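Architecture and fold: a report
Listed below, chain by chain, are the residues.
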Amino acid sequence: MKKLVFITGATSGIGLACAKKFAADGNNLILTGRRAERLQEISASLQKEFDVNVKTIQMDVRDKADVFSAVDDLPDAWQNIDVLINNAGLAVGLGTIQEGEIDDWERMIDTNVKGLLYVSRAILPGMVARKSGHVINIGSIAGKEVYPNGNVYCATKFAVDALTKAIRIDAVQAGIKVTQIAPGAVETEFSIVRFKGDKEKADSVYKGFEPLHPEDIADSVFYVTTLPPHVNINDLLIMPTAQASATILHKK
Ligand code: NDP
Ligand code: 8X3
């Protein structure tokens, strides 16, 4: 059965790889992100290549009013969302609390925690009413271990870990599946964003070992949606083979 899959942050990295993976299997997509031009290009290319229906929504997950009106205004044919992938997120900066940029903290908290909550609050009631649906939250190794200078980013991903468990408890009576996929280092635009456009610094994060590729994560996200109705994967921690923990890497 083909599904309707709603992906936040589909303009890049893991979200984009998920969009491709689900489209390749013939599923219809609602793709969201702030960069409208990228959304248009991605939508056109997926519709052409895979003959699926794609709707795009330019939205900032931090904008509560926009999130709710985008979901409320979905045409009837686009309302029965089967899979929600809460992927939009970012790290901004890497430094101590005592020297931290408060604006950076607020961006991370507003995007990674509040944004995920707004989107879930907008979409989950429909799933509960239909007694069918799957929420997949993209967490992180940063939500399992606190690492030096990761502080607020780690806290937001610990929050994603907690909210994944909470949504599962709250929606279990309706038979909703809730999964966290928690990756280690994946080479995307993540580090470029974290280091505020410093490409050299971003590239250095992935030097000397093979990081995960966004497609590796998309494969697992897709996999958890293929299991029988009575089977739910609660949590998957996926690391590059060369990464033993948040800070222990085998670099050549
Ligand atoms: P990218 O920077 O490549 O992608 C991030 C995506 O999130 C983009 O599509 C971006 O779209 C979207 N996004 C960011 N802020 C907002 C916002 N305010 N509103 C809407 N969309 C937003 O990074 P990744 O693919 O790596 O990151 C995806 C998720 O994976 C994040 O939650 C991240 O924390 C998590 N993660 C990443 C890891 C890594 O090593 N890369 C490891 C573990 C977890 P746009 O800019 O168009 O709005
Ligand atoms: C992204 C991976 O290790 O930089 O969540 O936190 S890490």
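Before any of the text, the structure's been laid out above.
Scoring rules and cut-offs
- The numbering scheme is per chain: residues are counted from 1 as the chain's sequence reads.
- The naming scheme follows written order: chains are lettered A onward, ligands numbered 1 onward.
- Thresholds applied to this predicted model are a pLDDT of at least 70 for local features of residues and 80 or more for the giving and counting of side-chain atom pairs; totals over whole chains, interfaces and linings are not thresholded and use all residues.
- Excluded from the side-chain calculations are hydrogens and water; all other atoms, namely the structure's heavy atoms, are used.
- It suffices for a single heavy atom of a residue to lie within 4 Å of a molecule or strand for the residue to be listed as near it.
- Polar contacts here mean pairs of N or O atoms no more than 3.5 Å apart (in protein, one a potential hydrogen donor and the other a potential acceptor; neighbouring residues in sequence count only if both atoms are side-chain atoms).
- Helix numbering and strand numbering both begin at the N terminus, where a helix is a DSSP run of H or I of at least 4 residues and a strand a DSSP run of E of at least 2.
- Here the open area of atoms and residues is found with the Shrake-Rupley method and a 1.4 Å probe, where only the protein chains shown may cover a residue.
- Note on residue categories: nonpolar means Ala, Val, Leu, Ile, Met, Phe, Trp, Tyr, Cys or Pro, charged means Asp, Glu, Lys or Arg, and polar means any other residue, Gly included.
- Per-residue accessibility, obtained with a 1.4 Å probe over protein chains only, is compared with the maximum for each type, and a residue is labelled buried under 20%, exposed over 50%, and partly exposed between these values.
- Here the rule is simple: two strands pair whenever DSSP picks up at least two bridges between them.
- Fitted lines through C-alpha atoms serve as axes, helices being fitted only where they are in contact, and the angles separating the N-to-C directions of these axes extend from 0 to 180 degrees.
- Angular relationships are summarised with four words: roughly parallel below 35 degrees, roughly antiparallel beyond 145, roughly perpendicular across 65 to 115, and oblique for the angles in between.
- Note on convention: near helix rotated counterclockwise from far helix by under a right angle means a left-handed crossing. Clockwise means right-handed.
- Contacts: residue pairs with any heavy atoms within 4.5 Å of one another.
- Every helix has an expected span of 1.5 Å times one less than the residues it contains.
- Two axes are fitted around each residue, one to the seven residues ending there and one to the seven starting there, and the angle between them is reported as the bend at that residue.
- The pairing test for Phe, Tyr and Trp rings, Trp by its six-membered ring, is centres within 6.5 Å, and the orientation test on the planes gives stacked under 30 degrees, edge-to-face over 60, and tilted for anything in between.
- For the purposes of this section, nonpolar cores are sets of buried Ala, Val, Leu, Ile, Met, Phe, Trp, Tyr and Cys residues that join through side-chain atoms within 4.5 Å.

Observations regarding the site of ligand 1
- Taken together, 29 residues sit near ligand 1, with Thr11, Ser12, Arg34, Tyr153 and Thr188 positioned nearest.
- One nitrogen or oxygen atom from the main chain of glycine 9 is found 3.0 Å from an oxygen atom belonging to ligand 1.
- Between tyrosine 153 and ligand 1, the recorded distance is 2.7 Å, taken from a side-chain N or O atom to an oxygen atom.
- If you list the elements that add at least two residues to the shell around ligand 1, you get α1 (13-24) and α5 (151-171).

Section: the site of ligand 2
- The full set of residues close to ligand 2 is Ser140, Ile141, Ala142, Tyr147, Tyr153, Phe190 and Arg194.
- For ligand 2, an oxygen atom lies 2.5 Å from a polar atom in the side chain of serine 140.
- With respect to ligand 2, the side chain of tyrosine 153 contributes an N or O atom lying 2.6 Å from an oxygen atom.
- Contact with the protein chains covers 83% of the free accessible surface of ligand 2, which is 240 Å².
- Its residues placed into classes, the shell around ligand 2 shows five nonpolar, one polar and one charged.

Quick notes on the pairing of strand β1 (residues 4-7)
- Side chains of β1 alternate between two faces, with Leu4 and Phe6 and Val5 and Ile7 buried alike.
- Relative to strand β2 (residues 28-33), β1 is paired through four bridges, and the arrangement is parallel. Residue pairing across strands places isoleucine 7 opposite leucine 31, the latter belonging to β2.
- Looking at chain direction, β1 and strand β4 (residues 83-86) are connected through three bridges and run parallel. For isoleucine 7, the partnering residue across the bridge sits in β4 and is isoleucine 85.

A few points about the packing of α1 against helix α8 (residues 214-224)
- At a closest axis distance of 8 Å, the pairing of α1 and α8 adopts a crossing angle of 55°. It follows that α1 is oblique to α8 by the angle criterion. Judged by the twist between their axes, the crossing of α1 over α8 is right-handed. Side by side, α1 and α8 meet where Gly13, Ile14, Ala17, Cys18, Lys21 and Phe22 of the first sit next to Pro214, Glu215, Ile217, Ala218, Asp219, Val221 and Phe222 of the second.
- Partitioned by chemical class, the residues of the contact of α1 with α8 number nine nonpolar, one polar and three charged.

Some words on the side chain of asparagine 112
- Relative to the helices and strands, asparagine 112 resides in helix α4 (residues 102-130).
- The exposure class assigned to asparagine 112 is buried, which follows from its relative accessible area of 2%.
- Among the polar contacts listed, one links the side chain of asparagine 112 to the side chain of threonine 156, at a separation of 3.1 Å.
- Non-local contacts of asparagine 112, meaning those with residues more than four positions away in its chain, are made with Gly89, Leu90, Tyr153, Thr156, Lys157 and Val160.

Examining α4
- Between its terminal C-alpha atoms α4 stretches 41 Å, which fits the 42 Å expected from 29 residues at 1.5 Å a residue.
- Lysine 114 marks the point of greatest bend in α4, at about 35°.
- Note on α4: the residue one or two positions beyond its end, lysine 131, has a positive phi of about 55°.

Quick notes on the packing of aromatic side chains
- Counted by the stated rule, this structure contains two aromatic pairs.
- Between phenylalanine 22 and phenylalanine 222, the ring centres sit 5.3 Å apart and the planes meet at 70°, which makes this aromatic pair edge-to-face. Of this pair, phenylalanine 22 sits in helix α1 while phenylalanine 222 is found in helix α8, placing the two residues 200 residues apart along the sequence.
- Relative accessible area serves as the criterion here: at 1%, phenylalanine 22 is assigned to the buried category.

Describing α8
- If you check which residues of α8 are buried, you get Pro214, Ile217, Ala218, Ser220, Val221, Phe222 and Val224.
- On its buried face, α8 sits against α1, β4, β5 (134-138), β6 (177-183) and β7 (235-238).

Examining the sheet that holds β7
- Reading across from one edge, β3-β2-β1-β4-β5-β6-β7 is the order of the seven strands in this open sheet, with parallel pairing throughout. In the strand order of this sheet, the two ends are held by β3 (54-58) and β7, each with one partner. The sheet shows a mean angle of 15° between the axes of neighbouring strands, taken without regard to direction.
- Here β5 pairs with β6 via five bridges, running parallel. By the bridge assignment for β6, isoleucine 138 is matched with isoleucine 181.

Considering the nonpolar core
- Ranked by internal contacts, the top residues of the largest apolar core, which has 30 residues, are Ile7, Leu29, Leu31, Ile85 and Val221.
- When residues of this core are traced back to their parent elements, those giving at least two are β1, α1, β2, α2 (36-50), β4, β5 and α8.
- The biggest single contributor to this core is α1, with seven residues.
- Those residues in contact with valine 221 that lie beyond four places of it in its chain are Cys18, Phe22, Ile85, Ile136, Ile138 and Ile181.
- Core analysis: the next-biggest nonpolar cluster, separate from the first, contains 25 residues, Leu4, Ile81, Ile123 and Ile176 among them.

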